[in-house]
Structures are given as C-alpha cells and as structure tokens.
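Now for the letters of each chain:
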Amino acid sequence: MERYIDGNAEAFDGLYRKLSPTLMGYLLRLTRNRARAEDLLQITFTKVHRARGSYLKGAPVLPWAVAIARRSFLDERRAAAVRNEDLSSDGSLPEPRPEAPSLPTEMSDALEIALQRLPESYREAIELTKITGLSIQEAASVLGTTETAVKLRVHRGYNQLRKELESFQR
Amino acid sequence: MTQKDPLADLPWPGATVTPSETCSQAIRGTCTKGLCKERGVSPLVRSLLTLGLCVMVLGVYAFHAFTVNRSSAILRTAMFGALGWFGAQAALVFATLGRPPGKGASRNLRLGIILGTAALFTAYVVLSSTERFGLAKFTEPRFAGHAIVCGLVAIFFGLLVTAGALIAWRRTDPYHPGLSGATVGLVAGLATGSGMTMACGSHEALHACFAHGLVVFALALVGFGLGRRLLAP
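Computed from a predicted model, the values in this text were never measured in an experiment. The residue numbers shown here count from 1 along each chain, following its written sequence. Going through the entries in the order they are written, you letter the chains from A and number the ligands from 1. Residues qualify for local features only when their pLDDT is at least 70, as the model is predicted, and side-chain atom pairs are given and counted only at 80 or more; totals for whole chains, interfaces and linings, by contrast, use all residues.

## Thoughts on the interface of chain A and chain B
We call two residues in contact whenever the C-beta atoms placed from their backbones are within 7 Å. Contact with chain A, which involves 51 residues of that partner, is made by 39 residues of chain B. Of all elements in the fold, only helix 2 (9-31), helix 3 (34-50), helix 4 (61-83), helix 5 (107-117), helix 6 (120-131), helix 7 (136-143) and helix 8 (147-169) of chain A reach the threshold of two or more residues within the side of chain A that touches chain B. Amino acids outside the nonpolar list (Ala, Val, Leu, Ile, Met, Phe, Trp, Tyr, Cys, Pro) and the charged list (Asp, Glu, Lys, Arg) are all regarded as polar, and Gly is one of them. In terms of residue class, the side of chain A that touches chain B is made up of 24 nonpolar, 17 polar and 10 charged. We count a stretch as a helix when DSSP gives it H or I for four or more residues in a row; a strand needs E for two or more, and each element gets its number in order from the N terminus.

## Digging into the packing of helix 2 of chain A against helix 3 of chain A
When two helices pack together, you describe them by how their axes are tilted relative to each other and by the distance separating the axes. Residue and element names in this part refer to chain A. Here an angle of 0 to 180 degrees is reported between the N-to-C directions of two axes, which are lines fitted to C-alpha atoms, with helices fitted over the stretch in contact. Relative orientation of the contacting elements helix 2 and helix 3 amounts to 130 degrees, with a least axis distance of 8 Å. By the angle between their directions, the pair helix 2 and helix 3 is classed as oblique. For helix 2 against helix 3, the interelement crossing comes out right-handed. Each of Ser 20, Leu 23, Met 24, Leu 27, Leu 28 and Thr 31 in helix 2 lies in contact with helix 3, whose residues at this interface are Arg 34, Arg 36, Ala 37, Leu 40, Leu 41 and Thr 44. For the contact of helix 2 with helix 3, the class distribution of residues is 7 nonpolar, 3 polar and 2 charged. Each angle receives one of four descriptions, namely roughly parallel if under 35 degrees, roughly antiparallel if over 145, roughly perpendicular if within 65 to 115, and oblique otherwise. Each helix crossing is assigned a hand: it is left-handed if the near helix lies turned anticlockwise from the far helix by less than a right angle, otherwise right-handed if that turn is clockwise.

## Description of the environment of Asp 39 of chain A
Relative to the elements of secondary structure, Asp 39 of chain A occurs in helix 3. Here a residue counts as buried when 20 or more other C-beta atoms fall within 10 Å of its C-beta, as exposed when 12 or fewer do, and as partly exposed in between; the C-beta atoms come from the backbone. For Asp 39 of chain A, a count of 16 C-beta atoms within 10 Å gives the class partly exposed.

## Some points on the nonpolar core
The tendency in soluble globular proteins is for nonpolar side chains to be buried as a group. A set of buried Ala, Val, Leu, Ile, Met, Phe, Trp, Tyr and Cys residues, joined through C-beta atoms within 7 Å, is what we mean by a nonpolar core. Membership of the largest hydrophobic core comes to 49 residues, with the highest contact counts inside it found for Leu 186 and Val 187 of chain B. With 11 residues, helix 7 (residues 177-199) of chain B is the largest single contributor of residues to this core. Excluding residues that lie within four positions of it along the chain, Val 187 of chain B makes contacts with Thr 50, Cys 54, Gln 89, Leu 92 and Val 93 of chain B. Of all hydrophobic cores here, the second largest spans 47 residues; its members include Ala 110, Ala 140, Val 142 and Leu 161 of chain A.

## Some details on the packing of helix 2 (residues 43-67) of chain B against helix 6 (residues 141-168) of chain B
Residues and elements named next belong to chain B. The contact between helix 2 and helix 6 brings their axes to 9 Å, and the two run at 165 degrees. In this view, helix 2 runs roughly antiparallel relative to helix 6, as classed from their interaxial angle. Here helix 2 runs over helix 6; the crossing is right-handed. Only Phe 157, Val 161, Gly 164, Ala 165 and Ala 168 of helix 6 make contact with helix 2, whose side of the interface consists of Arg 46, Leu 49, Thr 50, Leu 53, Cys 54 and Val 57. A per-class count over the contact of helix 2 with helix 6 returns 8 nonpolar, 2 polar and 1 charged.

## Some thoughts on unusual backbone geometry
Residue and element names in this part refer to chain A. Non-glycine residue Arg 32 carries a positive phi angle of around 60 degrees. Inspection of the secondary structure puts Arg 32 in the loop between helix 2 and helix 3. On the basis of neighbour counts, which here come to 12 C-beta atoms within 10 Å, the residue Arg 32 falls in the exposed class.

## Here we look at helix 8 (residues 205-230) of chain B
For helix 8 of chain B, built from 26 residues, the straight-helix expectation of 38 Å at 1.5 Å per residue is met to within 8% by its first-to-last C-alpha distance of 36 Å. The sharpest bend along helix 8 of chain B reaches about 40 degrees and sits at Leu 214 of chain B. Under the convention used throughout, the expected extent of a helix is 1.5 Å for every residue step, that is, one less than its residue count. Bend is computed residue by residue as the angle between axes fitted to the seven residues ending at the residue and the seven residues starting at it.

## Some thoughts on the domain arrangement of chain A
Residues and elements named next belong to chain A. The start and end points of each domain follow an automatic or database-based domain assignment. You can read the domains of chain A as domain 1 (1-89) and domain 2 (101-170). Every contact between the two is made by 9 residues of domain 1 and, on the other side, 7 residues of domain 2. Looking at the side of domain 1 that touches domain 2, the elements with two or more residues in it are helix 2 and helix 4. It is helix 4 that contributes the most residues to the side of domain 1 that touches domain 2, 5 residues altogether. For the side of domain 1 that touches domain 2, the class distribution of residues is 6 nonpolar, 1 polar and 2 charged.

Here it is, written out as structure tokens:
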C-alpha cells in the first residue's frame with residue numbers, strides 16, 4: 001500500500017492480487033450476483049484509488065478496504081431501493097425475482113440457507129470473522145460497534161445456525 | 001457422552017473468489033492510469049485546521065463584541081464560556097476525528113456523545129441567561145425577529161466552519177462518514193453558538209435556546225448529511 005501511494009504501479013498489482021479475491025468473495029456473499037459483485041469491486045477499487053492519499057501509514061489495509069466495499073454495497077442497495085425495480089438489460093422489464101431456495105441436499109447448501117436466514121447483524125458478524133477472516137477487533141471497526149457486541153452477535157448467530165443445522169441432520 | 005458440535009467441521013463457503021479478467025483489467029486500467037505519488041495531510045494537521053477555523057469564527061464574534069462596547073462583565077463571562085467550550089471542541093476533534101479511522105468509539109457511543117454535548121451546550125446557554133421572557137413576549141415581532149437574525153448568522157458562520165472542516169477531512173472515513181460529519185457539524189455549532197453568546201446583546205433564555213443553542217443540533221444534522229457524501233472515499 002505504501003509503495004502504491006508513492007506512485008508504484010507494480011505495487012498496485014501486488015495489492016490487487018492480495019485484496020481482490022477476498023473483496024470479491026465478500027461482495028459476492030453480499031450481493032449473491034456475480035455481475036453486481038464485479039461492478040461493486042470496480043467501484044471499491046476506484047474509491048481505494050481516490051482515497052489512497054488519506055490512508056494512514058501502517059494501518060491494516062484489509063479492514064479499510066472491506067469497510068469501503070461494505071459502504072459501496074449499502075449505497076448501491078439504498079439506490080436500488082429508491083429505483084424500486086431492477087430492469088432487464090434493455091431497460092424495459094423487471095428482472096425475475098430469484099426463486100426461493102429448494103430443500104437442501106448437502107450440508108454446504110444447508111449452511112448457506114441457514115446463513116441467509118440469520119438476522120443481518122448476526123450474519124454480517126459471522127461472515128466478516130469466520131469467512132472473510134477479519135479479527136474481532138477489525139470486524140468491530142467495520143461494523144461500528146464494540147468487540148463485545150461482535151462476539152455476542154457471532155455467539156448468537158452460531159446458536160441459531162446450530163439449531164437450523166440440527167434439524168437438517170435429523 | 002458429548003454430542004458433536006455441528007459447527008466444528010462445517011463446510012464454510014470459501015472466502016476468496018477470483019474476479020473475471022475483464023473486471024481485473026478494467027480496475028488495473030483505472031487505478032494505474034497516470035499514477036503518481038499522493039500523500040495527504042496527517043490527521044493532526046486536519047485537526048489543527050478544523051480548530052483553526054473555529055478560532056477564526058470566534059475571533060470574528062469577539063471582534064464584533066468589542067466594537068459594540070458591551071458591558072465588560074458580561075463579555076468576560078461569555079469569553080470564559082467560549083474558551084471552555086473551545087476546550088470541548090478540541091477534545092472532540094482529537095478524540096474522535098483525529099483518531100485513526102475504525103479505531104474510535106462505537107457508533108452508539110459516538111451518537112450519544114454528539115447528542116449529549118449538543119444538549120449540554122443548549123442547557124448551558126439557557127441556564128447562563130440572565131433574563132426570562134414568557135413565550136408570548138418572545139414571539140413578539142421585535143424579539144422573534146432578533147432571534148431569527150441571530151439564528152441565521154450563527155448558522156451562516158457554522159456552515160462556513162462545517163464546509164471548511166469537511167473539505168479538510170474529505171475521503172478519510174470509510175467506516176462511519178455520517179457520524180464523523182455530524183461531529184464536524186457539532187464542533188462548528190459549538191464554535192458559532194459560543195461565539196454568539198459573546199456577540200449577541202440579548203441575555204434572554206428563549207432567545208439563547210433557539211438562536212444559539214439549537215443551532216448546534218441543526219449543524220450536526222447538516223454535518224451528518226454532508227459527511228456521508230464528503231467523508232466517505
């Protein structure tokens with residue numbers, strides 16, 4: 001990041017290789033749509049590029065970039081809510097709504113469905129810590145809450161997931 | 001016999017997904033085109049700039065107060081008050097805005113600090129007033145007009161500080177830009193509100209509440225809205 005701020009284009013390639021798979025995975029989990037996730041990834045990196053001057057030397061890059069990605073997603077979701085409908089590519093008809101998930105046959109499917117059923121605050125806490133790999137402290141700063149609150153959300157989310165998955169295993 | 005925890009070996013979804021080559025090329029093109037060294041100013045310099053704007057506004061109010069020859073006892077009290085509130089502004093700037101992004105207090109605590117400080121300031125200007133009018137007298141055109149003019153002047157100077165400080169802190173907070181913007185608005189509101197207590201000739205409680213105190217809430221709200229646009233990268 002430091003060398004990128006100093007204007008080194010090769011350093012950007014290294015940064016991109018390191019950050020983009022994690023950010024893409026995170027955005028794909030938020031949007032559940034590859035095209036939207038790639039659009040948001042472009043927006044996120046454009047913002048990282050514009051804000052590189054305000055990056056604090058020595059600060060961890062991943063939580064900073066995840067926070068930018070999350071905010072881009074929230075802005076996009078807010079704008080989509082105002083638009084009310086997702087139009088098809090020719091701008092005329094609404095896109096068909098995704099079908100409700102069918103009954104899971106694999107544990108991974110069941111986990112995916114159970115995660116989607118969690119309240120947003122629990123899901124976000126689990127996704128940031130368990131899947132994206134942020135520490136509790138980093139997740140707390142991204143979510144704007146305390147470390148205790150993140151631990152509590154993860155714990156409650158786990159309890160809820162456990163109940164859902166026990167009923168699947170039966 | 002202990003039951004196996006179903007979460008222990010769950011097939012958690014993968015954390016990483018490789019973006020398409022087209023997407024990667026587009027991003028590389030945007031982010032490396034005309035790339036040059038870019039170092040922004042440090043949080044300390046931004047904090048000092050923000051406080052400098054507050055001092056400038058307080059200076060304008062103090063100059064006006066001295067030129068209209070107000071009673072020296074009242075002016076001295078107001079100046080001590082403004083000095084005390086400037087300390088609060090400095091504490092707010094260094095404790096919230098000046099800290100590395102993401103390292104500050106939680107969202108709820110920051111919101112509590114903003115609302116609590118604004119309420120405390122409003123209580124201060126009301127309680128330090130030496131006159132009390134009834135609402136009927138306050139709404140008479142002469143007094144109401146004075147309150148409106150005072151409120152507008154306070155908002156004008158507050159907006160100047162808010163705009164200048166938001167530009168100084170531009171694109172620095174991806175975590176909670178709205179709250180940081182509200183803090184900037186609060187600091188500007190405290191500067192203009194405490195400055196008004198020096199410059200304004202009225203010592204009436206309702207006037208102080210509406211024209212000097214509630215301005216802080218209005219500016220915090222404006223800062224919240226502008227901060228979401230200007231402070232986010």
